[in-house]
Amino acid sequence: MTRWLGTTRSRLALALTAVACTAAVTPAVAAAPPAYRDATRPVADRVDDLMARMSLQDKIGQMTQAERLAADPGAAAAAGIGSILSGGGSAPTPNTAEAWADMYDAYQRAAIAAPLGIPIIYGVDAVHGHNNVHGATIFPHNIGLGATNDPGLVERIGRATAEEVAGTGIDWDFAPCLCVARNDRWGRTYESFGETPERPTAMASAVTGLQGSTLDGPASVLATAKHYVGDGGTTGGDDQGNTEVDEAGLRAVHLPPFQAAIERGVGSVMISYSSWNGVKMHTGDYLINDVLKGELGFTGFVVSDWQAIDKIDGQEGFTADEVRDSVNAGLDMIMVPNEYQEFMALLRAEVEAGRVPMERIDDANRRILTKKFELGLFERPFTDRSLTGTVGSAEHRELAREAVRESQVLLKNDGNLLPLAKDGGKIFVAGKNADDIGNQSGGWTISWQGGSGPITSGTTILRGIQQAVSPGTEVTYDRNGNGIDGSYRAAIAVVGETPYAEGEGDRPEGMGLDEEDQTTLARLQESGVPVIVVTVSGRPLDIAADLPEWDALLAAWLPGTEGAGIADVLFGDHNPTGTLPMTWMAGADQQPINDGDGQKPLFPYGYGLNY
Ligand code: GLC
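Residues numbered from 1 in each chain as written. Predicted model: local features only at pLDDT ≥ 70, side-chain atom pairs only at ≥ 80, totals over all residues. Heavy atoms only, no water.

Asker: I'd like to hear about the domain arrangement of the protein chain, residue by residue, with values.
Answerer: Under the domain assignment used here, the protein chain contains domain 1 (35–390) and domain 2 (408–590). Each of domain 1 and domain 2 was reduced to a C-alpha centroid, and the two centroids are 35 Å apart. With 40 residues of domain 1 in contact, the opposing surface of domain 2 contributes 39 residues. Taking both partners together, domain 1 and domain 2 bury about 2900 Å²; carbon and sulfur atoms supply 52% of that area. In terms of surface lost to domain 2, no three residues of domain 1 exceed Asp184, Arg185 and Tyr190, which account for 24% of the buried area on that side. (Domains from an automatic or database assignment. Contact = heavy atoms within 4.5 Å. Buried area = accessible area lost by both parts, 1.4 Å probe.)

Spelled out as structure tokens, the structure:
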């Protein structure tokens, strides 16, 4: 019963006393954390709880990916953007592992300071090592890894790559590319493990390497099976072109690698720019919703390619129709990557108009948030700095050198000229790709297109040769072969392609050696010294007419920073085991030429000599 006292003052005094006593007696009970923050709960429950707290705008933000240059941490957090990416070569200054980690942490600090505190997920193209980062280990591109035909090696490379990526904070890798390259004119042939589904399917082992046994394990990063589906089958090898094949053919050739990646639990799938029988894959409702998510049971999330929805109608920029059609076709996250406010506004309008069902928005959010919880981003949003030192580590470089050795394909060896003795007379080295880290690494290295010259740290093919020979053996280098004469016991010419990426690498015309290489080779041949040709290229080259003049031919593909692996084969420290992942044409007019198509190649799929 409450006793009312005579005066207000007294009542107030009593009231204050009562409050004071209560406070003194019953400690303040902190509000329980929201369920989604409780890591002991099932992920599905955490997702449900979080989504129940999210507005439509919050959910649209999670479906939006912006390039780092379009949204700094403050802007990204203010807009509620769920994902950031670095496009090829988009790096902090200085371009060091520490600076990357600091940049990543700045985005996460801003993101988790927002009311719901949803961490971002940050994607990069670490397609042959953490290739945007100066000093990172650059592994052979996929075509060389396909030549190893060693899924276990590719898994180990995935693990090493994940350590370097995680060491810079980044938690999502737009890799592996599981394309099946059917026409070597395609500028992305080197991103393919092989021309038939077998090797790309086997090399889905990269997913396991990148993601580890559990996504929240140390150094695990989300992998991406790309580009779904049929990117390597376009007519003429046109990048972003049209894959004209019936469904049976599409399923037989291009789908198996994605099935393998899904069986390995790949967390994301990136859609291809290309079209299937004239329909843009980014509006591929049947192949994405029915086949990928339905029939194959893919439970991760689907991301667009860079400005890919802009290209649906063939006009610059994106429209409400393109936003609606791609999201309704099953795209869960859009790599906008610049006009993110416009994208968010258009998608919101489409939802509010009932043209994009709320169920679609919720399904996309459920998929994205599930991966963020599984990655442990809510518990550990910041860089694990204990991994930063793995970037470019000696251990990883040794693994890369092993991969270079295994990727070498010996195609000709007249008179068993190879392996060369490490002593016994002078050796001449020539060719534009002998002493050039950039050329031997290819595209997607430090910059999007890659570039010639000392673009990062590593061992050139020439340096590897110099290190391999006995101390008393003289190695002379001249890029164009000037100075060669009969006093040398052998000449090694390292020739081939200079870096390119994507459509820049399409070769609708000739596929042979350039004039510089031809001139260098002619100079060497005039000397009468035996000539060993090493091709550094992202694809087979049209060299049948030149081959008779060569005593030996070694296909080195795009070996990356550890060029010493090639000397390991040239001087017999490793007996070559590589085999062709792509049929080697007898002439460019044979393209596309693939195993079993009845044409007579210079060297067949699977060919490779040893000592
Ligand atoms: C590129 C490529 C894709 C890459 C993406 C982000 O255009 O097609 O492979 O992951 O953009 O850089």
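That was the structure; now back to the text.
Asker: Talk me through the pairing of strand β17 (residues 552–555); I want residue IDs and the actual numbers.
Answerer: On a regular strand, each side chain points to the face opposite its neighbour's, so the side chains alternate between the two faces of the sheet. Side chains Ala552 and Leu554 of β17 all project onto a buried face; the interleaved residues Leu553 and Ala555 project onto the opposite face, where all are buried too. As paired strands, strand β12 (residues 409–413) and β17 are joined by 4 bridges and run antiparallel to one another. Along β17, the bridge assignment pairs valine 409 with alanine 555. Here strand β16 (residues 531–536) pairs with β17 via 4 bridges, running parallel. Along β17, the bridge assignment pairs isoleucine 532 with alanine 552. (Buried < 20%, exposed > 50% of the residue type's maximum accessible area, 1.4 Å probe, protein only. Helix = DSSP H or I, 4+ residues; strand = E, 2+ residues; numbered from the N terminus. Pairing = 2+ DSSP bridges.)

Asker: Lay out the site of the ligand with the relevant residues and their values.
Answerer: Close to the ligand lie Asp125, Phe174, Arg188, Lys226, His227, Met270, Tyr273, Asp305, Trp306, Met335, Trp444 and Glu502, which account for all nearby residues. The separation between an oxygen atom of the ligand and a polar side-chain atom of aspartate 305 is 2.6 Å. For the ligand, whose unbound accessible area comes to 310 Å², protein coverage reaches 95%. Grouping the amino acids of the shell around the ligand by side-chain chemistry returns 6 nonpolar, 1 polar and 5 charged. (Near = heavy atom within 4 Å. Polar contact = N/O pair within 3.5 Å; in protein donor to acceptor, adjacent residues only side chain to side chain. Areas by Shrake-Rupley, 256 points an atom, 1.4 Å probe, with all protein chains shown as cover. Nonpolar A, V, L, I, M, F, W, Y, C, P; charged D, E, K, R; others polar.)

Asker: Describe the packing of aromatic side chains, and please don't skip the residues or the numbers.
Answerer: Here the distance between the centres and the angle between the planes together describe a pair of aromatic rings. Under the criterion given, the structure shown has 12 aromatic pairs. Note on phenylalanine 318 and phenylalanine 343: the rings are 6.4 Å apart at their centroids and 80° apart in plane angle, and the pair reads as edge-to-face. In this pair, phenylalanine 318 is assigned in the loop between β10 (301–303) and α13 (320–328) and phenylalanine 343 in helix α14 (residues 340–352), connecting sequence segments 25 residues apart. The pair formed by phenylalanine 318 and phenylalanine 343 is uniform in burial state, with each residue classed as buried. Ring pairing ties together the aromatic residues Tyr36, Phe373 and Phe378, which thus form one cluster. Directly above the ring of tyrosine 488 sits lysine 426, whose terminal nitrogen or CZ lies 4.1 Å from the centroid. The ring of tyrosine 500 carries arginine 507 above its face, with NZ or CZ at 5.2 Å from the centroid. (Phe/Tyr/Trp six-rings, centres within 6.5 Å; stacked < 30°, edge-to-face > 60°. Lys NZ or Arg CZ within 6 Å of the ring centre and 35° of its normal.)

Asker: Requested: an account of the sheet that holds strand β2 (residues 83–85), with residues and values cited.
Answerer: A sheet is described by the order of its strands in space; here 5 strands give the open sequence β4-β3-β2-β1-β11, paired in parallel fashion. On the outer flanks of this sheet lie β4 (172–173) and β11 (334–335), each paired with one strand and no other. In the sheet, strand β1 (residues 64–67) pairs with β11 via 2 bridges, with the strands oriented parallel. Residue pairing across strands places glutamine 65 opposite methionine 335, the latter belonging to β11.

Asker: Kindly report on unusual backbone geometry, identifying the contributing residues and their values.
Answerer: Of note, the bond from threonine 93 into proline 94 is cis; its omega dihedral lies within 30 degrees of zero at 0°. For proline 94, the location among the structural elements is in the loop between β2 and α5 (97–112). Geometrically, the link from alanine 175 to proline 176 is a cis peptide bond, its omega value of 5° lying close to zero. Here proline 176 is to be found in the loop between β4 and α8 (198–202). Here the phi dihedral of asparagine 277 falls at roughly 50°; this positive angle occurs in a residue that is not glycine. Tracing the backbone through its elements, the reader meets asparagine 277 in the loop between β8 (275–276) and β9 (279–280).

Asker: I'd like a rundown of the sheet that holds strand β15 (residues 490–496), residues and numbers included.
Answerer: Strand order in the open sheet formed by 6 strands is β12-β17-β16-β15-β13-β14, and the pairing between neighbours is mixed. Because the sheet does not close on itself, it has two edges, and the strands there are β12 and β14 (475–477). Averaged over neighbouring strand pairs, the angle between their axes works out to 15° when direction is ignored. As paired strands, strand β13 (residues 427–430) and β14 are joined by 3 bridges and run parallel to one another. When the sheet's bridge partners are listed, isoleucine 427 is paired in β14 with valine 475. The strands touched by helix α19 (residues 515–526) are β13, β15 and β16; relative to β15, the strand with the most contacts, the crossing angle is about 170°. (Axes fitted to C-alpha atoms, helices over the stretch in contact; angles between N-to-C directions.)

Asker: Residues and numbers for the packing of helix α7 (residues 151–166) against helix α16 (residues 394–407), please.
Answerer: Direction vectors running N to C along α7 and α16 enclose 150°, while the axes themselves pass 11 Å from each other. By the angle between their axes, α7 is roughly antiparallel relative to α16. Seen along the crossing, α7 lies across α16 with a hand that is left-handed. Residues Leu153, Arg156, Ile157, Ala160, Glu163 and Glu164 of α7 lie in contact with α16, whose contacting residues are His396, Leu399, Glu402, Ala403 and Glu406. Residue classes in the contact of α7 with α16 are distributed as 5 nonpolar, 1 polar and 5 charged. (Parallel < 35°, antiparallel > 145°, perpendicular 65-115°, else oblique. Left-handed = near helix turned anticlockwise from the far one by under 90°.)

Asker: Any details on the pattern of salt bridges? Residues and values, ideally.
Answerer: Counting across every chain of the model gives 34 salt bridges. In this structure, the salt-bridge partner of aspartate 568 is arginine 405, at a minimum N-O distance of 2.8 Å. Here aspartate 568, found in helix α20 (residues 564–570), pairs with arginine 405, found in helix α16; they are 163 residues apart in sequence, far enough to count as distant. Among the residues examined, aspartate 568 registers a relative accessible area of 5% and is labelled buried. Arginine 405 sits in the buried class, given a relative accessible area of 18%. (Salt bridge = Lys/Arg side-chain N within 4 Å of Asp/Glu carboxyl O.)

Asker: Describe in detail the side chain of asparagine 433, supporting the description with residues and values.
Answerer: If you trace the backbone, asparagine 433 turns up in the loop between β13 and α17 (437–441). Overall, the relative accessible area of 0% leaves asparagine 433 in the buried class. Here the side chain of asparagine 433 touches valine 495 through a polar contact of 3.2 Å, landing on its backbone oxygen. Setting aside anything within four residues of it in sequence, one finds asparagine 433 in contact with Asn439, Ile461, Val494, Val495, Gly496, Glu497 and Val536.

Asker: Break down the pairing of strand β3 (residues 121–124) for me, citing the residues and quoting the values.
Answerer: Judged by which residues are buried, β3 turns out to be covered on both faces: Ile121 and Gly123 on one side and Tyr122 and Val124 on the other are all buried. As paired strands, β2 and β3 are joined by 3 bridges and run parallel to one another. The partner of leucine 85 across the bridge, within β3, is glycine 123. Following the backbone out of β2, through α5 and into the adjacent parallel β3, one traces a crossover that is right-handed. Pairing of β3 with β4 involves 2 bridges; the strand directions are parallel. Following the sheet pairing, glycine 123 is matched in β4 by tryptophan 172. (Right-handed = clockwise from strand over helix to strand, strands pointing away.)

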